[in-house]
Amino acid sequence: MKFRHRLFNHRLLPLLILLFSLVGGLHGQTTGKISGIIRDNASGDALPGANINLVGTNRGAAADAEGRYYILNISPGFYNMRVDMIGYAPVIVENIAVSVNRTIPIDVRMVTSVIEGQVVIIEVDRMAMKKDQTSTIKNISAEQLEMLPVENLSAVVNMQAGVVEGHFRGGRNTEVSYMIDGITVDESFGGTSAAVDIEPESIKDLEVITGTFNAEYGRSMSGIVNAVTKDGEKEFHGSFYAGMANYYSTHDSIFLGIDSFAVNKNEDYKFQLSGPVLDDRITFFMNARWQNNRNHLNAIHLFNVSDYSNYFSEDSDEWISISTGTGKYVPMNGSENKSFLGKMVFNLYDGIKFSLMHSINQDRWDGYDHAFKYNPYGQASSYRRSDFSVFQLNHMLSNNLFYEAKISLMETFNGGYVFKDTVDARYVNDVYASNYGSGFFTGGQQKEHNSRWLTDFSSKVDMTWQINNNHSVKTGLALLQHDLTNEWYSIRNRFEGTELAPSQYDPVTFGDSSVYADVYSVKPVDFSAYIQDKMEYDEMVINYGIRYDWFDPATVYPSNLRNPANQLNFGGDSISTYPSTPVAMQVSPRIGLAYQLGEAAILHFSYGHFFQLPPMFAMYRNHSFLIGPSDYGTIVGNSNLEAEKTVAYEVGLWQELSEGMGIEVSLFYKDIYNLLSGRVISTYNQVEYGFFTNLDYGNVRGFEVKYDVLMGPLSFYLNYTLQYTRGNSDSPYQSFDREGNSQDPVNKLIPMSWDQRHTINGTLGYSGDGYGISMTGYFNSGAPYTFFPQGESILGNINLYPNNAYRPIRYHADMSAFYELKLIGDTKLRFDLSVYNILDRLNENWVNGETGRAYTAIIDESDIANFKSDFSKYYETYQDPSAFSAPRQIKLGMGIKF
């Protein structure tokens, strides 16, 4: 993949030198801690000098004069801990689950040794795993991920309490930050996803924060998703898996061709290998996956892009309809996805660990467009290529001080087009692109062409210092340099505007000096710093800290918005100048508290200010500032945008009901200020255009309940979310679009389009020796849509508020099961079965604005009279299968593990 610009900006050299000279080297959000007190069981007296060791590692500690100990910088995973003291029976604490950024308090009472060789074995109390939780955090281990019926990380995230289709606790879907090993991997142009995806099989620990979060986390207002990758092991382990999936549904009248195995076949191949290179001092881990998903929405290849049709005549005998397609089904919402992750870990010296990691994503996605149902090859596809390289250094300076330094390079390409070359000879004349009469395109192609290259160079250092038994101070700095090149074109005809245009075609693109292109390169810079203290006492934990963020947009802005590109020459103050955009800075305080109530309950409270700059598209769109000739036809970015701000509060209680059973209740409230919005500007010649600004507001209040049961091989997780999400706009474009449609502005708080009142997720699992089964159920009460009363006059829609009704409820269930057959030695043959949407439920993704249901419409006589087609029926225009979620899918897989 070729990237357009050099990474390094020489203006950053002084800042880089300062960055590393200040911290020298410093730890990130990838390890946890164990601490506690060693006492005599009979007297309760402290046992100073007791030796504590993590079995199978070189990590350990000695109890101090008060019997206290702590072990820092532990990689996530399950550990056994051994405690030895002369005159006492050794104690082994089994199955300690260490998670990222968490302290596991393990207090041990030792008995005097009576029988030689006597060893006391105890299990970890669940209270230990909750004691330092000052907000809503979910840690999911690799073992738990393996049991879930999911195909990707986003499915795991959407199962958590407070998450509704990517919206964390009522925020917009641009308010979540994604991390891999504590390094930000956000797709910062659009802001709605991660730029790098890793497979669930590569994850050692997944941290999902839906509540408030500590000062070390930034550039997010609603949530954090932090995936910690696996390391290599001391012994060779590997697996190869092949899976095949298809749909088995009774809804073949809705999903055309769903009963054809060859058309809808999905393929999935996985390979994983890990082991030593030089005993346990150098290890490696690698994971690869290739998926070819044809999926469930098919088109009928009736027309080719160069076919011509004309249905303008009232006389059907005069219609022209040329169709040269094959008439076969063509998958229309398929994808091809390739991923690779490779990692080498070096433990060459005591207390020093460093690693090299590289991941690759290469993807193609096809999105279903109902208008191209009979002309599938005229539809554009989306493409991505991401390369993510990381160097991590973890250095234990002493038993109470360690740091981690990270340097990463992320290169991402995103594109959307029919052909990669903007002037590809296979583009055809726009005269073929007609859907008049039938509502379906009988030729032609989508002509927008978008290519975007984004390179992020990140350097990050974090340090953790356990000052004493009660204070753990963490501080860090991060520098992130972006290098963005965006090229958007509308492919035009070179002969456009001439008498040759209808018969002659030569594709051409125009430069940034026209409204048919948006081409620019910018190099904005992010810098952040934080310091926080974790105060840990026997019955209380307090997290408090402060964060500083600094952002340089590295661009200019027009001084006169009524003439931003100087297209009008009126002289004087009407002329725009272009000063540099000033930097933006924010300071955000955070505090959280957890208090132990008795022996089986923990109360927590948290409060914080969270800032996030809007996505880059809102800052740099229409970089030339040119305003088109039509009202409401242009939107201009604003590099002076302020940071969006959330003030969040949370209070919660966790109660252990019995051994292995707990319930957690959380209440939360959020005020969201300075949300991205669109403002209307009028030029001197009275052309109205849009300009991004910070005018929107929202608030969220909600209630969550989580019920967990862990009893031997049986596990059960259930969560419920009650949520009210209000605001004046659920999209940056809504206010602008309403004014363009001559509708009144929204002058009160309305439900957001993701204001789903009730959300329930539940998982039941059973895992035995060589077999396991799990089932997951989902219930969603329905999100809002905008109801348009049928037959109302245009004037009646002027003050019609959006999101004024709710869609029907949705529910479905998935399951997965596996069985392992032992072959030779540690080699096992594994069989997998997964069933998605077991009940074959037709869940409505969106609905008709007049009927409130999918796949329906209110039909006027004029609709029938104006319909003209000799290849389709009128009802096909509104019976869009993409309104429903996917039907029942069954996936069978077989693999080898060794």
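Counting restarts for each chain: residues are numbered from 1 in the order of the written sequence. Given that the model is predicted, a residue must reach a pLDDT of at least 70 before its local features are reported, and side-chain atom pairs must reach 80 or more before they are shown or counted; all residues, however, enter totals for whole chains, interfaces and linings. As a rule here, side-chain values cover all heavy atoms of the structure and leave hydrogens and water aside.

On to the packing of aromatic side chains. We call Phe, Tyr and Trp rings a pair once their centres come within 6.5 Å, taking the six-membered ring for Trp, and we label the pair stacked below 30 degrees between planes, edge-to-face above 60, and tilted otherwise. One pass over the full model with this rule turns up 32 aromatic pairs. For the ring pair Tyr311 and Trp319, a centre distance of 5.3 Å and an interplane angle of 75° mean the geometry is edge-to-face. Across the pair, exposure class does not vary: Tyr311 and Trp319 are buried alike. With centroids separated by 4.7 Å and ring planes inclined at 25°, the aromatic side chains of Phe372 and Phe441 adopt a geometry described as stacked. With a gap of 69 residues between them, Phe372 in the loop between strand 25 (352-366) and strand 26 (381-398) and Phe441 in the loop between strand 27 (401-417) and strand 28 (448-466) connect regions that are remote in the sequence. Both residues of the pair, Phe372 and Phe441, belong to the buried class. Pairwise contacts between aromatic rings join Phe303, Tyr311, Trp319, Tyr374, Phe440 and Phe871 into one cluster. Directly above the aromatic system of Tyr241 lies the positively charged group of Lys270, at a separation of 5.0 Å from the ring centroid. Charges are assigned to positions over rings by a cutoff of 6 Å between ring centre and Lys NZ or Arg CZ, combined with an angular limit of 35 degrees from the ring normal. The side chain of Arg830 reaches across the aromatic face of Phe818, ending 4.1 Å from its centre. Relative accessible area decides the class of each residue, using a 1.4 Å probe on protein chains only: under 20% of the type maximum gives buried, over 50% gives exposed, and in between gives partly exposed. Numbering of helices and strands runs from the N terminus, with a helix taken as a DSSP run of H or I at least four residues long and a strand as a DSSP run of E at least two residues long.

Looking now at unusual backbone geometry. You will see that Asn73, though not glycine, has its phi angle at about 60°, which is positive. By the element assignment, Asn73 lies in strand 4 (residues 68-74). With a phi angle near 65°, Phe625 is a residue other than glycine that sits in the positive phi range. Tracing the backbone shows Phe625 in the loop between helix 6 (616-620) and strand 37 (635-636). By relative accessible area, Phe625 is classed as buried at 8%.

What makes two strands pair is DSSP finding at least two bridges between them. In spatial order, the strands read 3-2-5-6-9; together these 5 strands make up an open sheet with mixed pairing. Edge positions in the sheet fall to strand 3 (60-62) and strand 9 (120-123), since each has one partner strand and no second. Adjacent strand axes in the sheet meet at a mean angle of 20°, parallel and antiparallel pairs treated alike. Examined bridge by bridge, strand 2 (residues 51-54) and strand 5 (residues 77-84) share 4 bridges and lie antiparallel to one another. From the neighbouring strand, Leu54 faces strand 5, where its bridge partner is Met81. Every angle, taken between N-to-C directions, lies between 0 and 180 degrees, and every axis is a line fitted to C-alpha atoms, over only the stretch in contact when it is a helix.

Right, let's get into the confidence of the model for the protein chain. When pLDDT is averaged along the protein chain, the result is 92; 96% of the residues meet or exceed 70. Scored between 0 and 100, pLDDT is the confidence that the predictor attaches to each residue. Residues are treated as being in contact if the distance between any of their heavy atoms lies within 4.5 Å. The low-confidence segment residues 1-28, where pLDDT is below 50, has 64 contacts with residues more than four positions distant or belonging to other chains.

Turning next to the nonpolar core. By size, the foremost hydrophobic cluster in this structure holds 31 residues, and its most contacted members are Val185, Leu206 and Phe388. Of all elements in the fold, only helix 4 (153-157), strand 13 (176-180), strand 15 (203-209), strand 16 (223-229) and strand 26 reach the threshold of two or more residues within this core. Dropping the residues within four chain positions of it, Val185 is found in contact with Tyr178, Met179, Ile180, Ala194, Ala195, Val196, Phe388 and Met410. Here the nonpolar core consists of buried residues drawn from Ala, Val, Leu, Ile, Met, Phe, Trp, Tyr and Cys, with membership extended through side-chain atoms lying within 4.5 Å. Counting residues in each nonpolar core, the second largest holds 24 residues, with Ala61, Ile71, Ile106 and Met110 among its members.

Here we take up the environment of Pro524. As for its placement among the helices and strands, Pro524 is situated in the loop between strand 32 (517-522) and strand 33 (525-536). Here the alpha-carbon distance between Pro524 and Gln481, two residues 43 residues apart in the chain, equals 6.3 Å. When near neighbours in sequence (up to four residues on either side) are disregarded, Pro524 contacts Leu480, Gln481, His482, Phe551, Asp552, Pro553, Ala554, Met616 and Tyr620.

Counted as salt bridges are all cases of a side-chain nitrogen of Lys or Arg within 4 Å of a carboxyl oxygen of Asp or Glu. Following the criterion strictly, the structure yields 47 salt bridges and no others. Arg102 serves as the salt-bridge partner of Asp132, at 3.1 Å between the closest nitrogen and oxygen. Taken together, the positions of Asp132 in the loop between helix 2 (127-130) and strand 10 (137-141) and Arg102 in the loop between strand 6 (91-98) and strand 7 (103-105) put the pair 30 residues apart, joining distant regions of the chain. Residue classification places Arg102 among the buried positions, given a relative accessible area of 7%. Across the pair Glu336 and Arg364 runs a salt bridge whose closest N-O atoms are separated by 3.6 Å. Here Arg364 lies in strand 25 and Glu336 lies in strand 24 (residues 335-349), a separation of 28 residues in the sequence. The structure contains a network of salt bridges with shared partners spanning Glu146, Glu820, Lys828, Arg830, Asp832 and Lys897.

Tracing the sequence through the fold places Ile254 in the loop between strand 17 (237-247) and helix 5 (261-264). A relative accessible area of 11% means that Ile254 is categorised as buried. Taking the C-alpha atoms as reference points, Ile254 and Leu397, separated by 143 residues in sequence, lie 64 Å from one another. If we skip the residues at most four places from it in the chain, Ile254 touches Leu842, Tyr855, Pro881 and Phe884.

On to the sheet that holds strand 14 (residues 183-184). Strand order in the open sheet made by the 5 strands is 10-15-16-13-14, with mixed pairing throughout. Each of the sheet's edge strands pairs with one partner strand only, and the pair in question is strand 10 and strand 14. Note: strand 13 against strand 14, 2 bridges, orientation antiparallel. Bridge pairing in strand 14 places Met179 opposite Thr184.

With respect to the element layout, Met585 can be found in strand 35 (residues 584-597). Residues Met585 and Trp550 lie 35 residues apart in sequence; the distance between their C-alpha atoms is 4.5 Å. Setting aside residues no more than four positions away along its own chain, Met585 makes contact with Tyr548, Asp549 and Trp550.

Attention now goes to the pairing of strand 49 (residues 889-897). Summarising the sheet, strand 17 and strand 49 pair through 9 bridges and their orientation is antiparallel. When the sheet's bridge partners are listed, Ala242 is paired in strand 49 with Met894. Of the strand pairs in this sheet, strand 48 (residues 828-836) and strand 49 are connected by 9 bridges, and their pairing is antiparallel. Opposite Tyr836, over in strand 49, you have Gln889 as the bridge partner.

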